[in-house]
Structures are given as C-alpha cells and as structure tokens.
Amino acid sequence: MARGPVPAVRAGRLARSFGDVDAVRGIDIEVLPGQVHALVGLNGAGKSTLLRLLVGLLRPGSGSAELFGVPAWGAPADVRARVGFVGSGHAYGELTVRENLRTAARLHGSCAREATARADALVESLALGRWAGRRVRTLSDGNRRRVELACALVHDADLLVLDEPTNALDPAGVVEIRESVLRRAAGGAAVLVSSHHLDEMARVATTIDVVHEGRVVGRLPPDGADLERQFFRTVHAAAEAGR
Ligand SMILES: Nc1ncnc2c1ncn2[C@@H]1O[C@H](COP(=O)(O)OP(=O)(O)OP(=O)(O)O)[C@@H](O)[C@H]1O
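Residues numbered from 1 in each chain as written. Predicted model: local features only at pLDDT ≥ 70, side-chain atom pairs only at ≥ 80, totals over all residues. Heavy atoms only, no water.

In the nomenclature of an unreviewed UniProt entry, the protein chain is known as ABC transporter ATP-binding protein of Cellulosimicrobium protaetiae. Per its UniProt entry, the protein chain bears the Sequence similarities (unreviewed entry) comment "Belongs to the ABC transporter superfamily." (UniProt positions renumbered as here; feature names shortened; annotations may be inferred.)

J.: Residue-level account of the site of the ligand, with values.
T.: Taken together, 13 residues are adjacent to the ligand, and Gly44, Gly46, Lys47, Ser48 and Thr49 come closest. In the model, an oxygen atom of the ligand is placed 2.9 Å from a nitrogen or oxygen of the Asn43 side chain. Ser48 is positioned such that a nitrogen or oxygen atom in its side chain is 2.8 Å from an oxygen atom of the ligand. For the ligand, the accessible surface in isolation is 630 Å², of which the surrounding protein chains cover 59%. Elements with a contribution of two residues or more to the shell around the ligand: β2 (21-31) and α1 (47-54). Tallying contributions element by element places α1 first for the shell around the ligand, with 3 residues. For the shell around the ligand, the per-class residue count stands at 5 nonpolar, 6 polar and 2 charged. (Near = heavy atom within 4 Å. Polar contact = N/O pair within 3.5 Å; in protein donor to acceptor, adjacent residues only side chain to side chain. Areas by Shrake-Rupley, 256 points an atom, 1.4 Å probe, with all protein chains shown as cover. Helix = DSSP H or I, 4+ residues; strand = E, 2+ residues; numbered from the N terminus. Nonpolar A, V, L, I, M, F, W, Y, C, P; charged D, E, K, R; others polar.)

J.: Outline the sheet that holds strand β8 (residues 190-194), listing residues and values.
T.: The strand order β6-β7-β8-β3-β9-β10 describes an open sheet built from 6 strands, whose pairing is mixed. Either end of the sheet is taken by a strand with one partner, and the two such strands are β6 (83-86) and β10 (215-220). Averaged over all pairs of adjacent strands, the angle between strand axes in this sheet comes to 20 degrees, irrespective of strand direction. Of the strands in this sheet, β6 and β7 (159-163) touch helix α5 (residues 141-153), which is tilted by about 170 degrees from β6. (Pairing = 2+ DSSP bridges. Axes fitted to C-alpha atoms, helices over the stretch in contact; angles between N-to-C directions. Contact = heavy atoms within 4.5 Å.)

J.: Quick rundown of helix α4 (residues 112-125)? Include the residues and the values.
T.: For α4, which comprises 14 residues, the first-to-last C-alpha distance of 20 Å matches the rise-based estimate of 20 Å (1.5 Å per residue) to within 8%. Of the positions making up α4, those classed as buried are Ala115, Ala119, Leu122 and Val123. What you see down the axis of α4 is that its buried residues fit within an arc of 105 degrees, all on one side. Of the residues in α4, the exposed ones pointing more than 90 degrees away from the buried face are Arg113 and Glu124. (Expected span 1.5 Å × (residues − 1). Buried < 20%, exposed > 50% of the residue type's maximum accessible area, 1.4 Å probe, protein only. Arc of directions from axis to C-beta.)

J.: How would you sum up the domain arrangement of the protein chain? Please name residues and give values.
T.: Examined at the domain level, the protein chain breaks down into domain 1 (1-82 + 157-168 + 178-243) and domain 2 (91-155). For domain 1 and domain 2, the distance between their C-alpha centroids amounts to 26 Å. Tallying the contact residues gives 11 residues for domain 1 and 8 residues for domain 2. There are 0 salt bridges connecting domain 1 and domain 2. Taken together, the connections running from domain 1 to domain 2 amount to 4 residue pairs in polar contact (both at pLDDT 80 or more). Secondary structure elements with two or more residues in the side of domain 1 that touches domain 2: β7 and α6 (171-186). (Domains from an automatic or database assignment. Salt bridge = Lys/Arg side-chain N within 4 Å of Asp/Glu carboxyl O.)

J.: Please provide a residue-by-residue account of the environment of His155, values included.
T.: Counting through the fold element by element, His155 comes out in the loop between α5 and β7. Accessibility expressed as a relative area gives 9% for His155, which makes it buried. Each C-alpha atom, one on His155 and one on Ala91, is 15 Å from the other, the two residues being 64 residues apart in sequence. Excluding its chain neighbours within four sequence positions, the residues that come into contact with His155 are Ala81, Val83, Gly84, His108 and Arg118. Within polar-contact distance, the side chain of His155 engages the side chain of His108 at 3.4 Å.

J.: An account of the side chain of Glu176 is needed here, citing residue identities and associated values.
T.: Structurally, Glu176 is set in helix α6. Not counting residues within four places of it along the chain, the set of residues in contact with Glu176 comprises Ser125, Leu126, Ala127 and Arg146.

J.: Would you mind going over α5 in detail, with residue names and values included?
T.: Between its terminal C-alpha atoms α5 stretches 18 Å, which fits the 18 Å expected from 13 residues at 1.5 Å a residue. When you tally the buried positions in α5, you get 11 out of 13 residues, the bulk of the element. When we look at burial in α5, the residues that qualify are Gly142, Asn143, Arg145, Arg146, Val147, Glu148, Leu149, Ala150, Cys151, Ala152 and Leu153. Each element contacted by the buried residues of α5 is listed here: β6, α3 (97-107), α4, β7 and α6.

J.: Describe empty space enclosed by the protein, naming the residues involved and giving the relevant values.
T.: Counted according to the given criterion, the structure contains 2 cavities of 30 Å³ or more. In this model, the largest cavity occupies a volume close to 70 Å³. Taken together, Pro165, Thr166, Val174, Ile177, Arg178, Val181, Val193, Glu200, Met201 and Val204 make up the full set of residues lining the largest cavity. Mapped onto the lining of the largest cavity, the elements with two or more residues apiece are α6 and α7 (198-204). Looking at which element gives the most residues to the lining of the largest cavity, the answer is α6, with 4 residues. A per-class count over the lining of the largest cavity returns 7 nonpolar, 1 polar and 2 charged. (1 Å grid on protein atoms, 1.4 Å probe; cavity = no way out; pocket = protein on both sides within 12 Å on 5 of 7 lines; lining within 4 Å. Points joined across faces, edges and corners; volume = space filled by probe spheres on them.)

So, in structure tokens, the structure goes:
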C-alpha cells in the first residue's frame, strides 16, 4: 500500500490539564510538508498549550503528540533540530541581535562561517540592521519579536511552529513574516501558527482551525468572506453545545 508523506507534526486525542484547568481536551491535528495550518481562538482557548505539547516542551496528559513520526516529548536532538519554534521570550537578552542569530544557527549545526552568513541574511531580510549590535534586552517589544522570529528562521527548519508571531510587529514586520512563511512553505516546510489576526491567517494558511476551550470546534475557509462573523458563529455554536 502506498504511504503518504510523514506528517511534520501530528496529535491524536491529545489532552493536558493544569490542576483543575483542562487546557487541551482531546485534539487531533496533522500538518504535512508544505502546509500552513493556522489555529485561531479566544484568549485562553488552549492554543499555546497545544503548540508547546506539539514541540515537546510539555508532557501530554493523555493522547499522542508526534514530531516527524516520533513522540514529541523526549524527541531526540536530531528531530528537535528540524523544528523552529517561536513562543514567548526565546532570545537571550544579554547577547546582541547578531550573537543571538549566530548562536541559534550554531545550535542547529551550522559551522561558524555559515552561521555568520545566515545571521547576516536574516538581519537583512527582517530589517534588523540598525539593531544588529545591540543587546536584545535593550530593544523594543517589536524588535525583540523580530529577533525571536529570526532565530526560528535561521536554520531552514522543516517545521515552523509560531505562537502569535506577528504580536507587537509593525505593518512592515507583518509583511516580512508573511513572506518568510510563504517562502518556507513553498520550499516544503510545514508551518503551524497561532494567531488572533483572522485576515492575516487567511492570507497565509491552507487550513484554519478554530480552537475553543481546549478543543478544535470548527474550520474556517481560508478564502472565505467575512471570517470574523464565521469565527464568532463557530465559537458561539461550540459554547451553546457545551452548556
Ligand atoms: N502553566 C500553566 N499553569 C496553569 N494554567 C495554565 C498554564 N498554562 C496555561 N494554563 C491555562 O490553560 C488554559 C489555556 O491557556 P493557553 O495559554 O494555552 O491559551 P491560548 O489560547 O494560547 O490563550 P491566548 O490567546 O490568551 O494566548 C488557560 O485557562 C490558562 O490559564
């Protein structure tokens, strides 16, 4: 029997609680190479928890979370090296922008010369030139976000997992990230992204899932009109059904 490509990321009935808070309550998800899969939902819906489970930063309470076919929790270094993750606060504040980028590239296997070249290219494409020699802790929120994104993009990851990547970015930054995501996906990377920006997700995503109270409760058509109305209709229907 012919087998399809191995999903970059897959969850099966994945669940995780914190005390009496059921943050993720049985989610199935699969992202293949070349797909851009978006998660949208209200504050506290469970998006960040799901992403952290999927990249192996949190242990599942039950169900499965896999990266490239192996369990995400405790995944070997060579599997983790294929993932670029942006959560919150992943850059080193005491290092400069350029040092952060070089370090990220080195940690993902680049030699010194290649790491410098990759860092220079990202400084250019994310318009970080003015800040390249500054310590990251001295940057504005938006520029710190750019550095975190650049660190995730510096090593040609096969899977990008981006938690609200455009938060704090100016309109130019939003466009730069959109173009980077589309370029990486066209090159075969899988992308899983959470966001509150429905229109932005419609521009980049192949699939948009709505997360509500720890579950995937619906899917929005990426090319559909009036996404906001469809989003709220989906969330309200889920809330009614859960009463
Ligand atoms: N470490 C933790 N300890 C206790 N509760 C947590 C923890 N992390 C998340 N939660 C809870 O789990 C639920 C889901 O939170 P999560 O951060 O995953 O939501 P989110 O959809 O990413 O929200 P937002 O859009 O506001 O970032 C929330 O009720 C949150 O308070």
